[in-house]
Number of protein chains: 2
Amino acid sequence: MIQKTNRMNLVEQVASQIEQLIGSGHWQIGDRIPPEMELMEKFDVSRNTLREAIRALVHAGLLETRQGSGTIVRSTNALGAAIKRHVKKSALLETIDVRLALEKQAAQLAAEHRSETDLAKLEEYIQLSRQAVENKDYEQFIKLDIHFHQAIVSASNNQLLIDLYEPLAEIIYSFVQDLMAMNKPFKYEEELHIELFTAIRNQDKHAAATYVEDYMEVLRKEVVEMIEEE
Amino acid sequence: MIQKTNRMNLVEQVASQIEQLIGSGHWQIGDRIPPEMELMEKFDVSRNTLREAIRALVHAGLLETRQGSGTIVRSTNALGAAIKRHVKKSALLETIDVRLALEKQAAQLAAEHRSETDLAKLEEYIQLSRQAVENKDYEQFIKLDIHFHQAIVSASNNQLLIDLYEPLAEIIYSFVQDLMAMNKPFKYEEELHIELFTAIRNQDKHAAATYVEDYMEVLRKEVVEMIEEE
DNA sequence: TTTTGAAATTTGTAGGATGATTGGTACATT
DNA sequence: AATGTACCAATCATCCTACAAATTTCAAAA
């Protein structure tokens, strides 16, 4: 079989190495990476070559450069940044449908694969959510709710699913925050997803999927109302 | 409310303009964009600045530079390139589960929103697939099969779903091609998805979802067999 | 202690020079 | 007619130097 020849130019070589340094955790999020001069020597390339590599990763959302200050690590996965950028141009309802698709699948997989650790974590979030509602700390409630959803997706044990879901959850989270800032009424999910937890604990795939579908329908209706009000 | 001042540096300004030129179709896929010298003058920036912008888009998968030849447009959406890169590092089974999630949702939405044009297109692919099987042109059959699946996703009318699905379909298509090149046996789906078509025509959401789930389970089993053989 | 301001550090932008790769043309060879 | 060779022009790849702009650092001044 014929394969395209793959001669990597210097810029891509450097970019790929930096990506690895970030991916492996050698450079953590928030860290300032060495200045250009130092990296030029380390990689043994000219300033232009190095800058093109860094610029590529800045555009991808992995790095952020600040003139006079330095370059810091901003994210570990380029996919998340790409999705966020793309989703911002999409309609919110479309985003919800995609989130439904991913979370429904995740809930089914979670029902199959959930470990005891997963169950403990889910139960903890439910407990904390209940406390937050009692204290009327609604901001905290929203935060915990997001964590609960992400814990479900994590329990699916499918890394690709997790990576795709995360940026969507962030987008929707920031939307809900905007709603709260505008003092719009927001219906708090009172049942606290206990049914969903039960379904996953009992490894009942079908019930889990149905529950996700139902609450996403509620969210969808709320969003439609919001949009129509304006 | 105080907003951060948004001083986009020159590189990002140029990159963003080029992205727009590609997104708007002013520069089509396959087109050769003007050489650096010309773009330097058009954007009124130095060579370094222009090259950093182009390099960022090359890394994102929108452009491809060829020394001596020029720079061509390779893709219109950066998300697809990012997903492809990410998925290549994922396990194939994970990819199948994500594809199932998206296509199941797409089939349900298609059942709700399908237009007469959508139905006509689906029917046409089924017809052509049947011919391909009769002619024993299996490569053509695979190609048409992919088109059929993408037509379903298109009928969902959810652009985000479409953009996420497309790169996954491409990955799986290239995997199937590899299988055929290795002369592995490949079970052709004989029923030609007529049931799925019928469900969408009859606007039967539930049947559509069930059908997608069933044939994805078949695909999954085949992949598992392949992997175990090695 | 707080404020100010000069110096050092770091990234942003510009411009020029040379090398490497590709595509095309013309011409000779088979 | 098909293939091989030599050459040229266009284009990107890499390197270099220089200066501008933003930020940080730190010592001197209030």
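Computed from a prediction, not measured in an experiment: that's the story for all the values here.

Q: What is the right way to read the overall build of chain A from this model?
A: Along its length, chain A carries 10 helices and 3 strands. For chain A, the sequential pattern of α-helices and β-strands runs α-β-α-α-β-β-α-α-α-α-α-α-α. Dimensions along the principal axes, computed over C-alpha positions, put chain A at roughly 60 × 50 × 35 Å. Here chain A holds 230 residues, and 47% of them are scored as buried. Only carbon and sulfur atoms are counted for the fraction: they give 48% of the accessible area of chain A, which is about 12,500 Å².

Q: So what exactly am I meant to see when it comes to the protein's contact with DNA strand C here?
A: Neighbouring DNA strand C are 24 residues; A:Arg47, A:Thr65, B:Leu10, B:Gln67 and B:Gly68 lie closest to it. Take A:Arg55: an N or O atom from its side chain is 3.5 Å from a phosphate oxygen of DNA strand C. With respect to DNA strand C, the side chain of B:Gln67 contributes an N or O atom lying 2.9 Å from a base nitrogen. Only helix H3 (47–60), strand E2 (63–66) and strand E3 (70–73) of chain A together with helix H1 (10–23) and helix H3 (47–60) of chain B provide two or more residues apiece to the surface near DNA strand C. In terms of residues, the surface near DNA strand C owes the most to one element, H3(A), which gives 4 residues. Its residues placed into classes, the surface near DNA strand C shows 4 nonpolar, 13 polar and 7 charged.

Q: What exactly am I supposed to notice about the pairing of strand E3 (residues 70–73) of chain B here?
A: Residues and elements named next belong to chain B. The pairing of strand E1 (residues 32–33) with E3 spans 2 bridges and is classified as antiparallel. From the neighbouring strand, Ile33 faces E3, where its bridge partner is Thr71. Between strand E2 (residues 63–66) and E3, which pair antiparallel one after the other, the connecting turn spans 3 residues, and Gly68 there sits at a positive phi close to 90 degrees.

Q: Explain the packing of aromatic side chains to me, please; I cannot follow it from the model alone.
A: What describes a pair of aromatic rings is the distance from one ring centre to the other and the angle between the planes of the rings. Residue and element names in this part refer to chain A. Following the criterion strictly, the structure yields 2 aromatic pairs over all chains and no others. Measuring from ring centre to ring centre gives 5.4 Å for Tyr211 and Tyr215, while their planes differ by 65 degrees; the resulting arrangement is edge-to-face. Linking Tyr211 with Tyr215, this pair stays in helix H10 (residues 205–229), spanning 4 residues, or about one helical turn. When sorted by exposure, Tyr211 lands in the same class as Tyr215, which is buried.

Q: Would you take a moment to explain the packing of H1(B) against H3(B) for this structure?
A: The geometry of a pair of packed helices is captured by two quantities: the angle between their axes and the separation between those axes. Residues and elements named next belong to chain B. With their axes 8 Å apart at the nearest point, H1 and H3 run at an angle of 50 degrees to one another. Accordingly, the angle class assigned to the pair H1 and H3 is oblique. Of the two elements, H1 crosses H3, and the hand of that crossing is right-handed. Between H1 and H3, the residues in contact are Leu10, Val11, Val14, Ala15, Ile18 and Glu19 and Thr49, Leu50, Glu52, Ala53, Ile54 and Leu57, respectively. The class makeup of the residues in the contact of H1 with H3 is 9 nonpolar, 1 polar and 2 charged.

Q: Got a minute to help me understand the environment of B:Ile18 in this structure?
A: All names here are of chain B. With respect to the secondary-structure elements, Ile18 resides in helix H1. Counting along the chain gives 39 residues from Ile18 to Leu57, while the straight-line C-alpha distance between them is 8.6 Å. Those residues in contact with Ile18, other than ones at most four positions away along the chain, are Trp27, Phe43, Ile54, Leu57 and Leu63.

Q: Sorry if this is basic, but what is going on with the UniProt feature "domain: HTH gntR-type" (unreviewed entry) in chain A here?
A: Cross-referencing UniProt, the feature "domain: HTH gntR-type" (unreviewed entry) maps to residues 8–76 of chain A in the present numbering. The annotated region residues 8–76 of chain A carries 52% helix and 14% strand content, and the separation between its end C-alpha atoms amounts to 22 Å.

Q: Explain the relation of the copies chain A and chain B here, please?
A: Its rotation angle being 180 degrees, the transformation that places chain A on chain B also includes 0.1 Å of axial translation and leaves an RMSD of 0.3 Å. Interpreted geometrically, this transformation is the action of a two-fold axis. If distances are taken from each C-alpha of chain A to the rotation axis, the shortest is found for A:Ala56, at 2.0 Å. Taken as a fraction of all interface residues of chain A, those also at the interface in chain B reach 97%, which identifies the copy contact as same-surface.

Q: I keep staring at the environment of A:Phe148 and nothing clicks. Help me out?
A: Residue and element names in this part refer to chain A. By the secondary structure assignment, Phe148 is in helix H7 (residues 138–155). When the C-alpha atoms of Phe148 and Phe197 are compared, they prove to be 9.9 Å apart, with 49 residues separating the residues in sequence. Excluding residues within four positions of it along the chain, Phe148 makes contact with Leu122, Tyr125, Ile126, His193 and Leu196.

Definitions and limits used
Residues numbered from 1 in each chain as written. Chains lettered and ligands numbered in written order. Predicted model: local features only at pLDDT ≥ 70, side-chain atom pairs only at ≥ 80, totals over all residues. Heavy atoms only, no water. Helix = DSSP H or I, 4+ residues; strand = E, 2+ residues; numbered from the N terminus. Buried < 20%, exposed > 50% of the residue type's maximum accessible area, 1.4 Å probe, protein only. Areas by Shrake-Rupley, 256 points an atom, 1.4 Å probe, with all protein chains shown as cover. Near = heavy atom within 4 Å. Polar contact = N/O pair within 3.5 Å; in protein donor to acceptor, adjacent residues only side chain to side chain. Nonpolar A, V, L, I, M, F, W, Y, C, P; charged D, E, K, R; others polar. Pairing = 2+ DSSP bridges. Phe/Tyr/Trp six-rings, centres within 6.5 Å; stacked < 30°, edge-to-face > 60°. Axes fitted to C-alpha atoms, helices over the stretch in contact; angles between N-to-C directions. Parallel < 35°, antiparallel > 145°, perpendicular 65-115°, else oblique. Left-handed = near helix turned anticlockwise from the far one by under 90°. Contact = heavy atoms within 4.5 Å. UniProt positions renumbered as here; feature names shortened; annotations may be inferred. Least-squares fit on C-alpha atoms with pLDDT ≥ 70 in both.

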